[in-house]
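# Working through the structure, step by step
Listed below, chain by chain, are the residues.
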Amino acid sequence: MHIAIVGNIGAGKTTLAHKLAQHFRWEVFLEDVDDNPYLKDFYHDMPRWAFHLQVYFLNGRFRQTQRIKELQKAGRGIIQDRTIYEDAHIFAANLHESGLLETRDYNNYYALFESMIDLVAPPDLLLYLRADLPKLVSQIEKRGRDYENSISIEYLKSLNEHYEKWISGYTAGRHLIVDVSELDYVRRPEDLGTIIDKINTTLFGLF
Ligand SMILES: Nc1ncnc2c1ncn2[C@@H]1O[C@H](COP(=O)(O)OP(=O)(O)O)[C@@H](O)[C@H]1O
Ligand SMILES: Nc1ncnc2c1ncn2[C@H]1C[C@H](O)[C@@H](COP(=O)(O)O)O1
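Remember, it's a predicted structure, so these values are computed and weren't measured experimentally.

Right, let's get into the UniProt feature "active site" (unreviewed entry) in the protein. In the numbering used here, UniProt assigns the feature "active site" (unreviewed entry) to Asp81. Along the chain, Asp81 falls in strand β3 (residues 78-81). Discounting chain neighbours no more than four positions away, the residues touching Asp81 are Ile5, Lys13, Thr14, Ala17, Phe29, Leu30, Glu31 and Arg61. There is a polar contact of 2.6 Å between the side chain of Asp81 and the side chain of Thr14.

The following block contains the structure:
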């Protein structure tokens, strides 16, 4: 079984990934953020570093999906924090449409993504954490990564719009949308329970 958690920056993916992994006793696959050699520079100068960052994320995410495939074959359950789909359909597309990633670079990147994507199996469940802008801003602040101070409301808004468009056309497998704007699964165990119930219903037909 493979559940992938998708959603905007600060939506609460990593936090939920840990909690679900603990609940189901599955392996958790997180994003490579601390060792990312481009992320900090990207937030200082997006046009300069957009292409480098996208290629870095794409490669990392592809390698991760190959490891997930192996573990799945071995019968293990997996919770994945963010997917390769979001890199291409949300972040790279948004940078291109905002004029921060040149068309020739975007086309080059997208051709690479298309070469890879046939080798990627969609998750058994894609769990989209929808969050409004105040929730995203407060959780990004709460996390306190210095280099994310420069993230603008417009950037988050545009990413949210890309998420909504993408999820409405997602047909690769089962998906579940949970609005987390009013949920606090850090302090309220019942909110975590609500999400787990929804997952069980969708995946196993329980409840
Ligand atoms: N539903 C929630 N309610 C309250 N706080 C949350 C919730 N989800 C995440 N947080 C807090 O918000 C911050 C960002 O969450 P994180 O899981 O890192 O988001 P993401 O991985 O989506 O970027 C963390 O400090 C986390 O503890
Ligand atoms: N593909 C990406 N392009 C640009 N930025 C990205 C991409 N994937 C992740 N990010 C950024 C967004 C955050 O600053 C960090 C970690 O993501 P998070 O949603 O907080 O887990 O990386």
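Let us look at the pattern of salt bridges. For the structure shown, the criterion picks out 12 salt bridges. Where Glu102 meets Arg104, a salt bridge forms, and the shortest distance between an N and an O atom there is 2.6 Å. You can call Glu102 partly exposed: its relative accessible area is 43%. Between Lys157 and Glu161 there is a salt bridge, with the nearest N and O atoms lying 3.4 Å from each other. Taken together, the residues Lys157 and Glu161, both in helix α7 (residues 153-168) and four residues apart, mark about one turn of the helix. Here Glu161 falls in the partly exposed class, since its relative accessible area comes to 47%. Through salt bridges with shared partners, one network takes in Glu31, Arg61, Arg82, Glu86 and Asp87.

Moving on, we get to the side chain of Asn94. Counting through the fold element by element, Asn94 comes out in helix α4 (residues 84-97). Within the structure, the side chain of Asn94 is placed 2.5 Å from the side chain of Ser158, a separation counted as a polar contact. In this structure Asn94 touches Tyr155, Ser158, Leu159 and His162, once residues within four positions along its chain are discounted.

Right, let's talk about the site of ligand 2 for a bit. Near ligand 2 there are 16 residues, and of these Lys13, Glu31, Tyr43, Gln54 and Glu148 occur at the shortest range. With respect to ligand 2, the side chain of Glu31 contributes an N or O atom lying 2.5 Å from an oxygen atom. Taking 480 Å² as the accessible area of ligand 2 by itself, protein coverage stands at 99%. Mapped onto the shell around ligand 2, the elements with two or more residues apiece are α2 (39-44), α3 (46-73) and α4. In terms of residues, the shell around ligand 2 owes the most to one element, α3, which gives four residues. Partitioned by chemical class, the residues of the shell around ligand 2 number seven nonpolar, one polar and eight charged.

Here we come to the site of ligand 1. Residues in close proximity to ligand 1 total 16 residues, the closest being Gly12, Lys13, Thr14, Thr15 and Arg143. Gly12 has a polar backbone atom sitting 2.8 Å from an oxygen atom of ligand 1. Between ligand 1 and the protein, one listed contact pairs a nitrogen atom with a side-chain N or O atom of Asp184 at 3.2 Å. Burial of ligand 1 by the protein amounts to 88% of the accessible area it has alone, namely 560 Å². Those elements giving two or more residues to the shell around ligand 1 turn out to be α1 (13-24) and α6 (133-143). Looking at the shell around ligand 1 residue by residue, the class counts come to four nonpolar, six polar and six charged.

Reading the values: the criteria
- Residues numbered from 1 in each chain as written.
- Chains lettered and ligands numbered in written order.
- Predicted model: local features only at pLDDT ≥ 70, side-chain atom pairs only at ≥ 80, totals over all residues.
- Heavy atoms only, no water.
- UniProt positions renumbered as here; feature names shortened; annotations may be inferred.
- Helix = DSSP H or I, 4+ residues; strand = E, 2+ residues; numbered from the N terminus.
- Contact = heavy atoms within 4.5 Å.
- Polar contact = N/O pair within 3.5 Å; in protein donor to acceptor, adjacent residues only side chain to side chain.
- Salt bridge = Lys/Arg side-chain N within 4 Å of Asp/Glu carboxyl O.
- Buried < 20%, exposed > 50% of the residue type's maximum accessible area, 1.4 Å probe, protein only.
- Near = heavy atom within 4 Å.
- Areas by Shrake-Rupley, 256 points an atom, 1.4 Å probe, with all protein chains shown as cover.
- Nonpolar A, V, L, I, M, F, W, Y, C, P; charged D, E, K, R; others polar.

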